[in-house]
Structure formats: structure tokens, C-alpha cells
Amino acid sequence: MHTTEPRRPRAHFAAPLLKRTTLAGLLALGCSSTGSPAIAPSHDASGGDASGGDASGGDATATIDVGVDAPEVLAPDDARCSDPVELAAGRTWRVSPTADGIAPPCSGASSAGGVAWGRIEVPAHRVLRLRVPGASGAGRTVWMYGDCPASACLPHVGATADNLDDRRFFNDSPAPRSVWVAARAGLAVLPDFLPAPNLRCADATLIEPGAIVDDDPFPQVAAAPQCARAHPITAPARWYRIDVPGTAFGGSTVVLSAPNMEFQLFTGCDPATCRAASYVDPYGSDARFLLRWTNRTGADARIYVAVTRAGGVQEGPFGFRFDLTGPEEGDICAAAISASSPYSRSHFTTRWGSERRAVCGDSLGRSTPVRWFQVHLQPGQSVLASAYELSSIARPIWQMYDACDATRCLAMSGSNVFANALQYTNTTSEIESLYLTLGNLATQYVDDFQVRVRTYRAAANDRCETARRVAPNTVLTGEDLTAGRTGPPRCSLSTRYRRALWYVTRVDPGHRIDVRAVNATTEGVAVAAQASCDGVCGYGGVNSGPDPVDVYYSVSQDTVPGLYATYDLVALSPLAD
């Protein structure tokens, strides 16, 4: 096994992710896929020899020593596959202008004439790189074969661009192997060796916080380990390793993000240690793939990340950003979000949870990543926790416990799509300290919830018979339907159960009633009036009788998704026009 440290990818700090336009942007798979798998990072520009060492360098389009002062090897006109010129790294091969050999076709292409042949021994686990300056627009200038007589090109990556033909082959075997090279007449060929690319977990490249990493195509050398909790890795992967402190901010969170990339995280190179799947956010102009993982162990940790192209694309450069931040609120029970005061958040995701929780009473034995909340309920006080995402088919599920390590649920919500809510009342004479978890049963879908957790006491005017009396021309601010009661629709066009609060206002003779709910924090709030609690719905408008009359009205809202509104109530009773 080789011991060369994998190449460190080019990393930029405190800069936006840019699309590169260098040679790497034009790389494409070369010949047929017969023979040993092949890949190499195309922006390792610095050369090397078979002895190894640090091969990190600049871009492949940097200034190239075309061999004016380097040792040269001249091929005779009749150099053939059976009698090739012996090549070596660091020695420029000047191909005779009168070479007249023939190179077999690659991938259905026609044979190439006017070539000479060379041979080079490629060390185990090294990349052979062949560069031909002055090749812009000239098409293919160099071919690589694994045997003689040559039958098919070795699989490799390469491109012709920026006045350079660059071809690379990865000898992914424990032994050296000979590679036969055919090159066009009159050209200079610069062979050199590069370290093995990071195509396996064991060869993962170390990256540092704040880096924007860009790398090149990555045809698969070996099947990537699969994670039972994630989508299978079907595309070729590049591997990176990250050192994650366990003490900063009370825990450190790895954040990897990029458009059109996928990430899977392992705590070791054993597939059984997979911890996290990719997070897909489809709400931007491009799909954004995000992975978050928090180390709260108190000790430093090393993780391994497989980075793949979304959709299995194998060509062209890719990039991603790596940051290290503090933990997300509520990612573990010990850091539960305090919700004794009203808590409301948009774009809330359960996938940032660092703990999984079994679904209570689930016959399938499912579990989900969860985020934690804590509430303290006074006797007679209630909590209402809601989550919805109208634009997806996520399945939010709430569960309640009396301790972080409890396994018995005190209460749980339904598991419908879009929206679910949990409601619980402290019927004891003591303060209850409770923990709530929010998960997503549709784990194959991204959740992006609107979340609200409120503690409250039931309002006295939660039914018509106990309606709150409101004087004419009064404004009530901050009324909260959370404290109302849910029941069948009454004096409403909606067929769904509604949450309602009730009011009554006395209307003098010659006056009319005009009630409005304004500044509602949630849609679906409606006002409906009736002459009495057991009377017909609606009210005629102007009190044309000789005596004052009481008009009852409710402010209500559909119970789905269950995020009830606060609102201001305006009860006007002006003289009739």
C-alpha cells in the first residue's frame, strides 16, 4: 500500500464559490471504460517522480516548462508499439516530425496516423500525467494503452484546451504497470507522476473550516460504502476528512453546502458508522445540498465525507463550501429550546437534530432525527405545538416526554402530511416540566416547517354562552385564538372544524354593528355574527327597534394547519346612514 498523503484540494477562504473556467472545466471522460478504472485530479500541476512527496500545486493551465532545458528523449521515425521509446517522468519526449506509425481507434473513433510510440512504467497507486503544449484546437494528440499490440485505450480523463492537451491515467493497483503511449509527430510530450486521488475513504483529503473546495471529475474506482439511513451512493465519489472540535461553542457543527452536490458523512471508513444523509433544499433556484453534523462529545472527532454529483454526473469541476459553526438550537435534549414563552419560527428543519427518537407505538419500529423543546406548565395551563409545510409532503410528528431519557410518550400528534399539532393540558396541582420533540416521518423528503409552540390558559369566552362583552366602538389588541376552543363550524361557510373566541356587543336603536378582525398573524381568520347563541346566523345590520339589542359574534379560524392567529378586534357601532 502506498503511504503518500492524499493531495490537498485547492481551497479558498472568505470568498464566494466561483465557477472555474480553466482546463478543469473542460475535462471529459476519454476512451472506453475497458481496463483498470482511471481518474486523476486535473489541477495538480506540479510534477513529481516515483518517490512520492507533496504534489500539491497550482492550476493545470499554469506556465509549463516545455522541456527546453529538461532532458529529452528522441524517438526514431519508425518507433512502433512493439519497439517503443522508453520514457521517464521528468524527461521530455520530442516526437520525430516524420513519425509515420498508426494508433488504434478509441471509443469508435478512427485510427490516427503519423504517430510514434513510447512506453513508461507507472508506479503502483500513482497517476500518469501526459501534457502536450501547443495543442489548442488540434484535437487529440496523445493516446494511452495497456498492452501491445494495442487494442483499446486505457480509461482516463483529459481535455484539449488552453493551448494544452492533458491526459491522465490512474494505476489503481498494488503493482507497477506499463503504459504504451502514442503521440503525434513533431510534438513534445511531458510525462510526470502524481499521487493517488482521494477516490476512497482511506485516501480522504483533509480540508479546513472556511474553505471553498473545488475539485475535478471523479469516475468511480470502487463502490462507495452505503449508509442504511441515507440514499445509496450511486455516483463516483471524492472523499474528504474533517477534524471537528468537541468543545467550541458547547459543540461544533460541520456545515457542507453546494448546489447540485450530495454529501454523506461517516465517522469512519466502515459503512456501518454512517451518521447522516444529504439534506436537499429544493426551494432555491438550484437544488441546494446541505449536510449538518454536530459533535457534542466533548472530545475532538474525525469524520469522513463522500461528495458526489447530484444525478450521477461524472464530468466537469465541482465545488462545495465547508464551515464550522456552533450547534443548532434544540439539536439535543440537553439544549432544548425554551418555549414557555411563545416560540415561532419559519424555515425550521428537523434534519438539524443530532439525536434520533423512536416513534411512540410505531408498529414499523421507525425513528427520526428530532429537535427538542421544553415547557413548564402551571396547573391548568396548556401547550399547543404546531408544524406545517403546505408545499411538500413532509409528515411532522410531535411527541412529549417528562424527561430527556424517558421512552414513554405522554402525548403525541397525528402523522398526517403537511401539518400536525400536539395539545396537552396540565391537569395536576403541580408544575409540570415537559419535553417535546419534532420529527419528520417522511424522511425521504426535506422539511421546511413553520413551527409554533405556545403555552396558554383556555379563554373564558371560548364558547358563545360565555361571550366576552365588548363596549361599542372598542378596540381589543392582541387577541389570541390559541386560547379558543375547537368545534364544528357555526355561522361559517367553512366545513372544517374551527378554533373560535366569542364576543357580544350591545347595539343601540338606530345604530348598526360593524366588527372587524385586523392585523391577523395567520390567514383564514373570519368574523361571523348572530342574533343570539341559539339564534339564526347573521344579523340584519341596523337596529330598527326601540330597544338596545345584543349581537353575538365569533372570530374563528380553520383548525388546519393549527397555527392560530393573534389579531386586533375592532367593534364599531355607528349611527345608521
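Residues numbered from 1 in each chain as written. Predicted model: local features only at pLDDT ≥ 70, side-chain atom pairs only at ≥ 80, totals over all residues. Heavy atoms only, no water.

Asks: Hey, could you go over the sheet that holds strand E35 (residues 474-480) for me, with residue numbers and the actual values?
Replies: Across the sheet, which stays open at both edges, the three strands sit in the order E35-E41-E38 with antiparallel pairing between neighbours. Bordering the open sheet on either side are E35 and strand E38 (514-518), each of which pairs with just one other strand. Each strand axis lies, on average, 20 degrees off the axis of its neighbour in the sheet, ignoring direction. The pairing of E38 with strand E41 (residues 566-572) spans five bridges and is antiparallel. In the sheet register, Val518 faces E41, and the bridge partner there is Asp568. (Pairing = 2+ DSSP bridges. Helix = DSSP H or I, 4+ residues; strand = E, 2+ residues; numbered from the N terminus. Axes fitted to C-alpha atoms, helices over the stretch in contact; angles between N-to-C directions.)

Asks: Break down a nonpolar patch on the surface for me, citing the residues and quoting the values.
Replies: On the surface, Leu390, Ile393, Phe418 and Tyr445 cluster together into a nonpolar patch covering about 370 Å² of accessible area. Relative to the elements of secondary structure, Phe418 occurs in the loop between strand E30 (411-412) and strand E31 (419-425). (Patch = residues over 30% accessible without salt bridge, like charges linked within 9 Å, V, L, I, M, F, W, Y side chains within 5 Å. Areas by Shrake-Rupley, 256 points an atom, 1.4 Å probe, with all protein chains shown as cover. Salt bridge = Lys/Arg side-chain N within 4 Å of Asp/Glu carboxyl O.)

Asks: Provide a residue-level description of the state of the cysteines, including the pertinent values.
Replies: Under the counting rule described, the total for this entry stands at six disulfides. The partner cysteine of Cys464 in its disulfide is Cys533, sulfur to sulfur 1.9 Å. Because the torsion about its S-S bond is -95 degrees, the bridge between Cys464 and Cys533 counts as left-handed. Taken as a pair, Cys464 in the loop between strand E33 (449-456) and strand E34 (468-469) and Cys533 in the loop between strand E39 (526-530) and strand E40 (549-558) lie far apart in primary sequence, 69 residues in all. A single burial state applies to Cys464 and to Cys533, both of which are buried. (Disulfide = S-S within 2.5 Å. Buried < 20%, exposed > 50% of the residue type's maximum accessible area, 1.4 Å probe, protein only.)

Asks: I'd like a description of the sheet that holds strand E28 (residues 382-388), backed by residues and values.
Replies: An order of E25-E33-E28-E31 is seen for the four strands of this open sheet, with the pairing classed as antiparallel. Among the strands making up the open sheet, the edge pair consists of strand E25 (343-348) and E31. Across the sheet, the mean angle separating the axes of adjacent strands is 10 degrees when strand polarity is ignored. Of the strand pairs in this sheet, E25 and E33 are connected by four bridges, and their pairing is antiparallel. Counterpart to Ser344 in the pairing with E33 is Arg452.

Asks: Which residues make up unusual backbone geometry, and what values do they have?
Replies: Of the consecutive residues Cys148 and Pro149, the connecting peptide bond is found in the cis state with omega at 10 degrees. Position of Pro149 relative to the elements: it lies in the loop between strand E9 (142-145) and strand E10 (157-161). Positive phi outside glycine occurs at His347, with the angle close to 55 degrees. Within the secondary structure layout, His347 lies in strand E25. Note on His347: relative accessible area 62%, which makes it exposed. One non-glycine residue, Asn519, lies in the positive phi region at around 55 degrees. With respect to the secondary-structure elements, Asn519 resides in the loop between E38 and E39.

Asks: I'd like to hear about the layout of surface pockets, residue by residue, with values.
Replies: Empty space among the atoms becomes apparent when a probe as large as a water molecule is rolled across them. What the second largest pocket holds in volume is close to 470 Å³. For the lining of the second largest pocket, the elements supplying multiple residues, two or more each, are E31 and E40. Considering each element in turn, the lining of the second largest pocket owes the most residues, three residues, to E31. Here the lining of the second largest pocket is composed, by residue class, of nine nonpolar, nine polar and three charged. (1 Å grid on protein atoms, 1.4 Å probe; cavity = no way out; pocket = protein on both sides within 12 Å on 5 of 7 lines; lining within 4 Å. Points joined across faces, edges and corners; volume = space filled by probe spheres on them. Nonpolar A, V, L, I, M, F, W, Y, C, P; charged D, E, K, R; others polar.)

Asks: Which residues make up the pattern of salt bridges, and what values go with them?
Replies: All told, the structure shown has 21 salt bridges when counted by the stated rule. Arg292 is the salt-bridge partner of Glu328, the closest N and O atoms lying 2.8 Å from each other. With Glu328 in the loop between strand E23 (318-325) and strand E24 (337-338) and Arg292 in strand E21 (residues 288-295), this residue pair connects regions lying 36 residues apart in the sequence. Between Arg485 and Asp462 there is a salt bridge, with its nearest N and O atoms 3.4 Å apart. Placement of the pair is Arg485 in strand E36 (residues 485-487) and Asp462 in the loop between E33 and E34, with a sequence separation of 23 residues. Residue Arg485 is classed as partly exposed on the basis of its relative accessible area, which comes to 41%. Look at Asp462 and you get buried, because its relative accessible area is 7%.

Asks: Lay out the environment of Val85 with the relevant residues and their values.
Replies: Note that Val85 resides in strand E4 (residues 85-86). Between the alpha carbons of Val85 and Ile120 there is a distance of 8.7 Å; along the sequence they are 35 residues apart.

Asks: Give a detailed account of the packing of aromatic side chains, specifying residues and quantitative values.
Replies: For the structure shown, the criterion picks out eleven aromatic pairs. Judged by centre distance (5.4 Å) and plane angle (40 degrees), the ring pair of Trp117 and Tyr145 falls under tilted. Of this pair, Trp117 sits in strand E7 (residues 112-122) while Tyr145 is found in strand E9, placing the two residues 28 residues apart along the sequence. With respect to burial, Trp117 and Tyr145 carry one shared label: buried. With 5.9 Å between their ring centres and 20 degrees between their planes, Tyr503 and Tyr553 make a pair best called stacked. Linking Tyr503 in strand E37 (residues 498-507) with Tyr553 in strand E40, this pair joins segments that are 50 residues apart in sequence. According to the relative accessible area criterion, Tyr553 is buried, its value standing at 1%. (Phe/Tyr/Trp six-rings, centres within 6.5 Å; stacked < 30°, edge-to-face > 60°.)

Geometry only, nothing functional implied.
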